[in-house]
Amino acid sequence: MRRAALVLAALIMCAALASFASCKGTSRAGNTAAPIEATNGDTENTAIKPYNRLMLTRHEEIVDDESIMLCPYVDDEEYGYISTLIAIRIRARIRSYDMPVSTSFRIKSNACGVLSMIIEFFDMQTDELVGRLPLTYDLALGREIQIQDCFDKESDAWRTIIPDMIEAQAKERGMILLNDIMPISDGQLFYTTGSSIAILYRPYEITTLSEPWPEFLIPIKKLKAYIDQSGALKRQLDAADKSGDDEPDADYKEEEPAPAAENDKSEETSSENGGK
């Protein structure tokens, strides 16, 4: 009899616990409890991450006991690894020359999660410009990007539109063109200014030595229909639309490079040639 009473009491307790569990998470009005808000990375529908301008300083290094490398250093806890990526690219190019070279750099864009620059290489004996290397990094991807990363991956229309724009600019400048069609391929040299994309060519690639290092600025808004809608150019275009700034960033040079790059949006920062 006593055992039956204990069993009955246990069954009653289990039923009570089950009833409590079914009610947990329901308000007195019968509405279910509000779900926990997703944090960044939990879903694809989170807000676009805002990007601050990176703090940049100048890094100087002797390469192989003969060449001088000046390049930007990203003084940022989260994105400091970009400095390593930049230095690796520049050292590799320095070692491709058969003479000592020095480098200079110029920051073209540092906003909207895009760091774009151009590195120039000079023969240390003659001070002749022997090479140019544009580099662009997308902080959203965490790596250097190529020109094809900037455009719609489902369409190659941009490969036709951009050459037409370049040809029109070249004719306006009276350039003697060596090609009927301006080449645009994966890995094409380029940089961004925030409101424009610049396409660069090497000597004799499209014209004579009258313009040994030709480059062409194309406003991003003219390429709006062709850019990757989640990529670097789209973020820059949106920022330009909000600010109303349709002009390319001004070319700003420092007589003596400051320890850190200027943070003014309208200016570019450059480091003078280390061997000059």
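Before reading further, recall that the structure is shown in the block above.
Residues numbered from 1 in each chain as written. Predicted model: local features only at pLDDT ≥ 70, side-chain atom pairs only at ≥ 80, totals over all residues. Heavy atoms only, no water.

Remarks on the overall build of the protein chain
- Counting its secondary structure elements, the protein chain contains four helices and ten strands.
- Mapped in sequence order, the helices and strands of the protein chain form the string α-β-β-α-β-β-β-β-α-β-β-β-α-β.
- A separation threshold of at least 6 residues defines the contact pool for the protein chain, and within that pool the share at least 24 residues apart is 54%.
- Split by element, the accessible area of the protein chain, about 16000 Å² in all, is 52% carbon and sulfur. (Helix = DSSP H or I, 4+ residues; strand = E, 2+ residues; numbered from the N terminus. Contact = heavy atoms within 4.5 Å. Areas by Shrake-Rupley, 256 points an atom, 1.4 Å probe, with all protein chains shown as cover.)

Regarding a nonpolar patch on the surface
- A grouping of Ile-176, Leu-178, Tyr-204 and Leu-209 is seen on the molecular surface, where their side chains present a nonpolar patch of about 430 Å² in accessible area.
- Here Ile-176 shows up in the loop between helix 3 (158-172) and strand 7 (190-192).
- Judged by relative accessible area, which is 52%, Ile-176 ranks as exposed. (Patch = residues over 30% accessible without salt bridge, like charges linked within 9 Å, V, L, I, M, F, W, Y side chains within 5 Å. Salt bridge = Lys/Arg side-chain N within 4 Å of Asp/Glu carboxyl O. Buried < 20%, exposed > 50% of the residue type's maximum accessible area, 1.4 Å probe, protein only.)

A short note on the sheet that holds strand 7
- With antiparallel pairing, three strands are arranged side by side in an open sheet as 7-8-9. Both outer strands of the open sheet, strand 7 and strand 9 (215-219), are each paired with one neighbouring strand and no more. For this sheet, the mean inter-axis angle between neighbouring strands, taken without regard to orientation, is 20°.
- The pairing of strand 7 with strand 8 (residues 196-200) spans three bridges and is classified as antiparallel. Note that in strand 8 the partner of Phe-190 across the bridge is Ile-199.
- The strands touched by helix 3 are strand 8 and strand 9; relative to strand 9, the strand with the most contacts, the crossing angle is about 120°. (Pairing = 2+ DSSP bridges. Axes fitted to C-alpha atoms, helices over the stretch in contact; angles between N-to-C directions.)

Some thoughts on the pairing of strand 1 (residues 56-63)
- In the sheet, strand 1 pairs with strand 2 (residues 67-74) via eight bridges, with the strands oriented antiparallel. Across the sheet, the residue bridging to Ile-62 is Ile-68, located in strand 2.
- Between strand 1 and strand 2, which pair antiparallel and follow one another directly, the connecting turn spans three residues, one of which, Asp-64, has a positive phi of 55°.

Some details on the side chain of Glu-120
- Relative to the elements of secondary structure, Glu-120 occurs in strand 4 (residues 114-123).
- In this structure the side chain of Glu-120 is engaged in a polar contact, spanning 3.1 Å, whose partner is the side chain of Arg-132.
- Beyond its immediate sequence surroundings of up to four residues, Glu-120 is in contact with Ser-102, Thr-103, Ser-104, Leu-129, Gly-131 and Arg-132. (Polar contact = N/O pair within 3.5 Å; in protein donor to acceptor, adjacent residues only side chain to side chain.)

A short note on helix 3
- Taking 1.5 Å per residue, 15 residues should reach 21 Å; helix 3 reaches 21 Å between its end C-alpha atoms and fits that length.
- The inward-facing, buried residues of helix 3 contact strand 8 and strand 9.
- Downstream of helix 3 by a residue or two, Gly-174 has a phi angle that is positive, lying close to 70°. (Expected span 1.5 Å × (residues − 1).)

Points about the pattern of salt bridges
- A complete count under the given rule lists 13 salt bridges for this structure.
- The salt bridge involving Glu-211 is made with Arg-173; its shortest N-O contact spans 2.8 Å. Of this pair, Glu-211 sits in the loop between strand 8 and strand 9 while Arg-173 sits in the loop between helix 3 and strand 7, and the two are 38 residues apart along the sequence.
- Judged by relative accessible area, Arg-173 falls into the partly exposed class, the value being 37%.
- A single salt-bridge network, built from bridges that share partners, covers Glu-120, Arg-132 and Glu-215.

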